[in-house]
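Coordinates in review
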Amino acid sequence: LTEKLFTQQAKSEYLDYYERVLFSHILACYDPEQGMCCYYTPMRPGHPRVYGTPYETFWCCTGTGMQAPAKFAQLTYAHGRNDLFVNFLMPSSVNWREKGVAVRQTTAFPDRDETEIVIAEVQAPTDFSLNLRVAKWMKAGSVNVRVNGEEIAAAVENGYVRLLRTWRKGDRVTMSFETELSIIGLPKSDGYLALSYGPVLLGAPMGPGGYEKKDFFHPKWTTVDRKIAITAAPLLFGSREEILKRTTDMLPVLKQAGVVDSGGQGLVQ
């Protein structure tokens, strides 16, 4: 539905929602080892997911889950008559057949706050507008764009940096930025909070809690019956603004100590 709405009216808030759901819900539902999906995501702090098994499990969500991967990259790019839109940061490539243009994106986001776009193929020097999305979670004023190494003073229009020029094979565009940390509250609850690094929801390691690896894969049950005590969940004191400021203020210290890298990974640890 969000994809259809975006094709009718290219509002940046549609992409903010789409990206958050893709990175922090849909992709997060898949077990990285076997590719099995979970039945649902519990909202209780300290509660784990349970994934299906390859041959003994076929929940209703397993069936719909098989269809989802085919569309994971579908809205990464979009185009108009003379515009190519780069909507999401993910290693990918696209063929714009009408223009005879192929574009390749290389990025390690969210481990690194940057991406590179290369004009991989073009039949001849071609005029079009390359539009790079400036997401809501990118710190205001932090976006830096370079074309073939030269910094471009590009303004943000309708949520995009618009680069209109004659493009040639091998042209390189790099975009760097600062990712903001934010707090997301559970709807209708003042006590449960989550930290999000850009569109990526963060998790805190809580120890084994009496679980073994096999407990997270089950052919019948959709949830683990044993629960980590709610009192064992991390407690954060203060207003949301105070918690966010204290956490953000710690980031430079953690980077200097080598606890996190330049992309902010490892923040919760």
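Whatever comes next refers back to the structure up there.
Residues numbered from 1 in each chain as written. Predicted model: local features only at pLDDT ≥ 70, side-chain atom pairs only at ≥ 80, totals over all residues. Heavy atoms only, no water.

Turning our eyes to something else, we now look at the pairing of strand β13 (residues 193-197). Here strand β12 (residues 181-185) runs beside β13; their pairing, made up of 5 bridges, is antiparallel. Note on β13: the bridge partner recorded for Ile-183 is Leu-195. As judged from the 2 bridges shared by β13 and strand β14 (residues 200-201), these two strands associate in the antiparallel manner. Considered in β14, the bridge of Ser-196 is made with Leu-201. Taken together, β13 and the strand that follows it, β14, pair antiparallel across an intervening segment of 2 residues, in which Gly-198 is found at a positive phi of about 65°. (Pairing = 2+ DSSP bridges. Helix = DSSP H or I, 4+ residues; strand = E, 2+ residues; numbered from the N terminus.)

It is worth spelling out helix α2 (residues 12-26) at this point. Under the 1.5 Å per step criterion, the end-to-end length of α2 is 20 Å for 15 residues, consistent within 8% with the ideal 21 Å. For α2, the full list of buried residues reads Tyr-14, Leu-15, Asp-16, Tyr-18, Glu-19, Leu-22, Phe-23 and Ser-24. (Expected span 1.5 Å × (residues − 1). Buried < 20%, exposed > 50% of the residue type's maximum accessible area, 1.4 Å probe, protein only.)

Let's shift gears to the environment of Phe-237. Position of Phe-237 among the secondary structure elements: in the loop between β14 and α4 (240-257). Leaving out residues up to four positions away in the same chain, Phe-237 has contacts with Ile-243 and Arg-246. (Contact = heavy atoms within 4.5 Å.)

We now examine the side chain of Ser-196. Considering the arrangement of structural elements, one finds Ser-196 in strand β13. A polar contact of 2.8 Å, which involves the side chain of Ser-196, links it to the backbone oxygen of Gly-198. Among the polar contacts listed, one links the side chain of Ser-196 to the backbone oxygen of Val-200, at a separation of 3.4 Å. Ser-196 has contacts with Glu-180, Leu-181, Ser-182, Ile-184 and Leu-201, leaving out every residue within four places of it along the chain. (Polar contact = N/O pair within 3.5 Å; in protein donor to acceptor, adjacent residues only side chain to side chain.)

Attention shifts here to empty space enclosed by the protein. In the structure shown here, the tally under the stated rule is 1 cavity of 30 Å³ or more. Roughly 70 Å³ of volume is contained in the largest cavity. As for the largest cavity, its lining consists of 13 residues, of which Val-86, Asn-87, Leu-89, Arg-133 and Met-175 are closest to the centre. The set of elements that each furnish at least two residues to the lining of the largest cavity consists of β5 (114-122) and β6 (126-133). By residue class, the composition of the lining of the largest cavity is 9 nonpolar, 3 polar and 1 charged. (1 Å grid on protein atoms, 1.4 Å probe; cavity = no way out; pocket = protein on both sides within 12 Å on 5 of 7 lines; lining within 4 Å. Points joined across faces, edges and corners; volume = space filled by probe spheres on them. Nonpolar A, V, L, I, M, F, W, Y, C, P; charged D, E, K, R; others polar.)

This part is about the pairing of strand β4 (residues 101-107). Regular strands place their side chains on alternate faces of the sheet. Among the 7 residues that make up β4, 5 are buried, leaving the element largely enclosed by the rest of the structure. In textbook terms, the turn of a hairpin is the stretch between consecutive antiparallel strands, and for strand β3 (residues 92-96) and β4 this stretch comprises 4 residues, one of which, Gly-100, has a positive phi near 65°. Here β4 runs beside β5; their pairing, made up of 7 bridges, is antiparallel. Paired with Thr-107 across the strands is Thr-115, a residue of β5. Between β4 and β5, which pair antiparallel in sequence order, lie 6 residues.

Turning our eyes to something else, we now look at the pattern of salt bridges. Counted under the stated rule, the structure contains 9 salt bridges. The salt bridge partner of Asp-16 is Arg-133, with a shortest N-O separation of 2.8 Å. Of this pair, Asp-16 sits in helix α2 while Arg-133 sits in strand β6, placing them 117 residues apart in sequence. Its salt-bridge partner being Glu-116, residue Arg-172 comes within 3.0 Å of it at the nearest N-O pair. (Salt bridge = Lys/Arg side-chain N within 4 Å of Asp/Glu carboxyl O.)

Turning next to the nonpolar core. Membership of the largest hydrophobic core comes to 26 residues, with the highest contact counts inside it found for Phe-128, Leu-130, Leu-132, Met-138, Leu-163, Trp-167 and Val-173. At the level of secondary structure, the elements contributing two or more residues to this core comprise β2 (83-86), β4, β5, β6, β7 (144-147), β10 (160-167) and β11 (172-176). For Leu-132, the contacting residues outside a window of four places in its chain are Val-86, Ile-117, Val-145, Gly-159, Tyr-160, Val-161, Leu-163, Val-173 and Met-175. One finds Tyr-30, Cys-37, Leu-75 and Val-200 within the second-largest nonpolar core, a separate group that totals 21 residues. (Core = buried A, V, L, I, M, F, W, Y, C linked by side-chain atoms within 4.5 Å.)

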